[in-house]
Amino acid sequence: QDLAIVSAVVGAGGTAGAVIATWAFYKYVQGTLLPFKLHSFYVMFWALTVLLMRWEHLGSMWRNPAMKLVEAPAAQEEEPKAPVPIAEEQPNHASLPASEEQPNQA
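Residues numbered from 1 in each chain as written. Predicted model: local features only at pLDDT ≥ 70, side-chain atom pairs only at ≥ 80, totals over all residues. Heavy atoms only, no water.

A.B. asks: Would you mind showing me how to read the packing of aromatic side chains here?
C.D. replies: The geometry of an aromatic ring pair is captured by two quantities: the separation of the ring centres and the angle between the planes. Overall, the coordinates contain four aromatic pairs when judged by the stated rule. Taken together, a centroid distance of 5.6 Å and an interplanar angle of 85° make the contact between W23 and Y28 edge-to-face. Given a relative accessible area of 51%, Y28 falls into the exposed group. For the ring pair F45 and W46, a centre distance of 4.9 Å and an interplane angle of 80° mean the geometry is edge-to-face. (Phe/Tyr/Trp six-rings, centres within 6.5 Å; stacked < 30°, edge-to-face > 60°. Buried < 20%, exposed > 50% of the residue type's maximum accessible area, 1.4 Å probe, protein only.)

A.B. asks: It is not clear to me how helix α1 (residues 3–27) should be interpreted in this structure. Could you clarify?
C.D. replies: Spacing of three or four residues puts side chains on the same side of an α-helix, whose turn is 3.6 residues. With 25 residues, α1 ought to run about 36 Å at 1.5 Å a step, and its terminal C-alpha atoms sit 35 Å apart, in line with that. Within α1 the residues assigned to the buried category are G17, A21 and F25. (Helix = DSSP H or I, 4+ residues; strand = E, 2+ residues; numbered from the N terminus. Expected span 1.5 Å × (residues − 1).)

A.B. asks: Looking at this structure, I do not really get the confidence of the model for the protein chain. What am I missing?
C.D. replies: Low-pLDDT portions of the prediction should not be read for the details of their coordinates. Overall, the prediction assigns the protein chain a mean pLDDT of 74, with 63% of residues at 70 or greater. Across the protein chain, element-level confidence peaks in helix α2 (residues 34–48) with a mean pLDDT of 89 and bottoms out in helix α3 (residues 73–77) with 58. (pLDDT = per-residue confidence, 0-100.)

A.B. asks: Before we go on, may I ask you to explain the pattern of salt bridges in this structure?
C.D. replies: Opposite charge on two side chains permits them to pair, given that their charged atoms come into close proximity. Taken as a whole and assessed by the stated rule, the structure comprises one salt bridge. A salt bridge links E56 to R54; its shortest N-O distance comes to 3.2 Å. (Salt bridge = Lys/Arg side-chain N within 4 Å of Asp/Glu carboxyl O.)

Next up, the structure:
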């Protein structure tokens, strides 16, 4: 439902983060290896914040959700739809009979 907004925020954040990291670690820090070390600590810090994230309806990495999701009544009363045929039952369109194959044009 909110995929476009989330994608835009994540994309903009990634672009802004790259600009900030380049400006902060590579422009003003003297040395050959030090900017890479600082950048790695920066990335690890933000990656480890995922361990602290928690949502009421999704839970976290350490705990289950606090709220139980309840299905809508219409979804519970809906009858199952017709089964989809498995791969062996579906027609194979990749191989055409020899009479229908098109000749190679050189």
